[in-house]
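Report on the structure
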Amino acid sequence: MDIAKWQAIEDILRDVLHTYNYLEIRTPIFEDTELFARSMGQTSDVVQKQMLNLCSQRRDDDGHLKLSGQSLRPENTASVVRSYIQQNLERTEGLSKFYYMGPMFRGERPQKGRLRQFHQVGVEAIGSQAQSPYLDAEVIALAVTILESLGIKDFTVKINSLGSAEDKENFSAWLREQIKPHLSKLGAEDQNRFERNVFRVLDSKNKDTRAVVDSLEIESAALSDESQRYFQQVLAALRSLNIHFEVDPKLVRGLDYYTHTVFEITSTALGSQDALGAGGRYNNLVKQLGGPDVGAVGFALGLERIILALPEDLDVIGVTPDVYIIALDEQSFPKAWQLLGLLRNESISCDIGYKIAPMKRQMRQADKSKAEMVIILGEDELRKGVVTVKDMQEGTQEEVPVKDNDYSVLIDTIVERC
Ligand code: AMP
């Protein structure tokens, strides 16, 4: 993948994230395995099957070997929450709005859209003031704006509410009742999931399980009046921002920490791995990891999948120099070199042909660099006390005077045009 394209996309994302007043947080690539197990849930697929573990050994005072486990981060929510708690941010901030961009790691069989090292852009809004339905709506609107700002139109936002921790318990009990008569029809792995965490059965991609799930009549999760009111406020806030969504009562998320709002963004442009990203509210996680009782909501979008979904005609301009300098002989090169330094001091991006070569060959290099202007220094120019400036778009050229190594007129001309 073209790195210039990645950088251009990252720049667009940062602009959007800053517009919503989210600030970047950078956390380590690996953390204690326990952090992920405690946050995502011991029984989650990621913790059970996909963690890439590092094992460090040391001897204790009695000479016994002690193993301690760290894992490459499979996602970043747990790390951000750990950092929030360690920095005591609830003391100083009513609401912390973070974003991150970086590599995540999961041990799975690589295929299109599913890699062992992939990249996510995500946000986490955490704090006592994070208990607002407007913040659920804000993060969904932000995910949508990110996709739209990249020209991606073909996507669907599905949303649901799992309610409070108590509502989740009730929903889980109800679901078990509904699925129990069909247990033998589920895929083998999903029969296990039924025992461990019934919500994951709804998430399954297994054909037999999907047939059972599709036959279930789930109008909505078992929400209390309060949770239902909260959910309706989120939906109203989204409508007022003209965000299109579908309420999907069968949408649950595979991780333990979600409560209330959950959402997923899918695209038909992606094939079988159709999720561009997902997120939701996780009001109990900060407390569960030893922090204060504050709310939180966030999402993560997969960058490789975003790139797969980009429209083909997206005009992402890579990095190109403003100026390319050509020296045609040994006498001209020191002057060209000096000019390169002076232009860079003026923050003009420029490059030079390091090897003396005939005009035609150097112009080919200049063309390839996609520079807007080419400055040529050769025997003729030295004799006349000028340099030739060629405008690559217009195809025009002019001679600009350089007397006694005074490049000020030339530099002014270039600065003006850039
Ligand atoms: P998840 O935490 O699994 O919901 O992941 C959030 C988003 O990250 C997904 O919707 C994908 O876009 C992306 N993602 C997750 N796992 C992978 C992977 N193995 N390879 C590429 N992208 C992934």
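Residues numbered from 1 in each chain as written. Predicted model: local features only at pLDDT ≥ 70, side-chain atom pairs only at ≥ 80, totals over all residues. Heavy atoms only, no water.

Quick notes on the overall build of the chain
Worth spelling out the cut-off: Strands here are runs of E lasting at least two residues and helices are runs of H or I lasting at least four, both read from the DSSP assignment and numbered beginning at the N terminus. This radius of gyration counts C-alpha atoms alone. The globule rule is 2.2 Å times how many residues there are, raised to the power 0.38. A 1.4 Å probe rolled over the protein chains alone gives each residue an accessible area, and that area as a share of the maximum for its type sets the label: buried under 20%, exposed over 50%, partly exposed in between. Pairs of residues are marked as contacts when any of their non-hydrogen atoms sit within 4.5 Å. Here the accessible surface of atoms and residues is derived via Shrake-Rupley with a 1.4 Å probe, and residues count as covered only by protein chains that are part of the display. A residue counts as positive if it is Lys or Arg and as negative if it is Asp or Glu; His and the chain ends are not included. In this description, the location of a charge corresponds to atom NZ of lysine, CZ of arginine, CG of aspartate or CD of glutamate.
Check the secondary structure of the chain and you find 17 helices and 16 strands. Its C-alpha atoms give the chain a radius of gyration of 29 Å, clearly above 22 Å, the size a compact globule of 418 residues would have. Summarising its shape, the C-alpha atoms of the chain cover approximately 95 × 65 × 45 Å along the three principal directions. Relative to its 418 residues, the chain shows a buried fraction of 49%. A separation of at least 24 residues holds for 67% of the contacts in the chain among residues at least 6 apart in sequence. Within the structure as shown, the chain displays about 21400 Å² of accessible surface, and the carbon and sulfur contribution to it stands at 46%. Charged side chains in the chain number 49 positive and 63 negative. The centres of these two groups are separated by 5 Å.

Observations concerning the nonpolar core
Note the following rule: Residues enter a nonpolar core if they are buried and are Ala, Val, Leu, Ile, Met, Phe, Trp, Tyr or Cys, with the set joined through side-chain atoms within 4.5 Å.
The biggest cluster of nonpolar side chains holds 47 residues, and the ones touching the most others in it are Leu 13, Leu 17, Ile 159, Ile 265, Phe 299 and Ile 306. Membership of the second largest hydrophobic core comes to 46 residues, among which are Ile 85, Leu 175, Leu 216 and Leu 251.

Some points on the packing of aromatic side chains
The test is simple: Aromatic pairs are defined between Phe, Tyr and Trp rings, using the six-membered ring for Trp, whenever the two ring centres lie within 6.5 Å; interplanar angles under 30 degrees are classed as stacked, those over 60 as edge-to-face, and all others as tilted.
This structure, assessed with the given rule, holds five aromatic pairs. A centroid spacing of 6.3 Å and a plane angle of 20° characterise the contact between Phe 171 and Trp 174, whose relative ring orientation is stacked. Pair noted here: Phe 171 and Trp 174 are both in helix H7 (residues 165–179), with a separation of three residues, about one helical turn. Classification of Phe 171 as buried rests on a relative accessible area of 0%. Measuring from centroid to centroid gives 5.6 Å for Phe 171 and Phe 199, while their planes differ by 40°, and the two rings are tilted.

Quick look at the layout of surface pockets
Our working definition: Method remark: on a 1 Å grid restricted to protein atoms, a set of points is classed as a cavity if a 1.4 Å probe fits but cannot get out and as a pocket if it is open with protein on both sides within 12 Å along at least five of seven lines; lining residues have an atom within 4 Å of a point. Grid points are joined across faces, edges and corners, and a volume is the space filled by probe spheres set on the points.
Here the second largest pocket is characterised by a volume of approximately 380 Å³. Forming the boundary of the second largest pocket are 24 residues, of which Lys 168, Glu 169, Asn 197, Phe 199 and Asp 256 lie nearest the centre. Mapped onto the lining of the second largest pocket, the elements with two or more residues apiece are helix H2 (33–40), H7, helix H8 (188–196), helix H9 (199–203) and helix H12 (285–288).

A short note on the pattern of salt bridges
Going by this rule: Salt bridges are defined as contacts in which a side-chain nitrogen from Lys or Arg sits within 4 Å of a carboxyl oxygen from Asp or Glu.
The final tally for this structure, using the stated rule, is 16 salt bridges. Residue Arg 114 pairs with Glu 108 through a salt bridge whose shortest N-O separation is 2.8 Å. Given a relative accessible area of 23%, Arg 114 falls into the partly exposed group. Residue class for Glu 108 comes out buried when judged on its relative accessible area of 14%. Arg 176 is paired through a salt bridge with Glu 195; the nearest N and O atoms lie 4.0 Å apart. Here Arg 176, found in helix H7, pairs with Glu 195, found in helix H8; they are 19 residues apart in sequence, far enough to count as distant.

A word on a nonpolar patch on the surface
So the rule is basically this: Like-charged residues are merged into a patch within 9 Å and nonpolar side chains (Val, Leu, Ile, Met, Phe, Trp, Tyr) within 5 Å, provided each residue has over 30% relative accessible area and no salt bridge.
Nonpolar side chains collect at one region of the surface, where Ile 29, Phe 30 and Leu 54 lie side by side and expose about 240 Å² of accessible area between them. Here Ile 29 is to be found in the loop between strand S1 (23–24) and strand S2 (30–32).

Re helix H6 (residues 133–149)
Quick note on the threshold: Every helix has an expected span of 1.5 Å times one less than the residues it contains. Distance and chemistry together define a polar contact, namely a pair of N or O atoms within 3.5 Å, with one atom able to donate a hydrogen and the other to accept it when in protein, and with adjacent residues in sequence counting only for side-chain atoms on both sides.
Helix length check: H6 (17 residues) gives 24 Å between terminal C-alpha atoms against 24 Å at 1.5 Å per residue, within 8%. Among the residues of H6, the N-terminal cap falls to Ser 132, whose side-chain oxygen and the backbone nitrogen of Tyr 134 are separated by 3.0 Å. Of the residues trailing H6, Gly 151 is marked for its positive phi of about 85°.

Quick notes on the site of the ligand
Note the following rule: What makes a residue near a molecule or strand is one non-hydrogen atom of that residue sitting within 4 Å of it.
What surrounds the ligand is a group of 14 residues, the closest being Arg 106, Glu 108, Leu 115, Gln 120 and Arg 253. Contact between the ligand and Glu 108: a nitrogen atom at 2.6 Å from a side-chain N or O atom of the residue. Taking 480 Å² as the accessible area of the ligand by itself, protein coverage stands at 90%. Among the elements of the structure, strand S6 (117–127), strand S10 (275–281) and strand S11 (295–302) are those that each provide at least two residues to the shell around the ligand.

Quick notes on the environment of Ile 265
Mapped onto the secondary structure, Ile 265 falls in strand S9 (residues 259–266). Distance from Ile 265 to Val 144, taken between C-alpha atoms, is 8.6 Å for residues 121 residues apart in sequence. If sequence neighbours within four positions are ignored, Ile 265 has contacts with Ala 143, Leu 147, Phe 155, Thr 156, Val 157, Asp 274, Ala 275, Leu 276, Gly 277 and Leu 301.

Concerning the sheet that holds strand S16 (residues 396–401)
The condition that has to hold: The rule for pairing is simple: two strands pair if DSSP sees at least two bridges between them. Angles here are taken between N-to-C directions and fall from 0 to 180 degrees, while the axes themselves are lines fitted to C-alpha atoms, restricted in helices to the stretch in contact.
Strand order in this open sheet of five strands is S13-S12-S14-S15-S16, and the pairing throughout is mixed. What marks the edges here is a single partner per strand, and that holds for strand S13 (350–352) and S16. Here the average twist between neighbouring strands, direction ignored, is 25°. Both strand S15 (residues 386–391) and S16 contribute to a ladder of six bridges, which runs antiparallel. Across the sheet, residue Val 387 finds its bridge partner in S16, namely Val 400.

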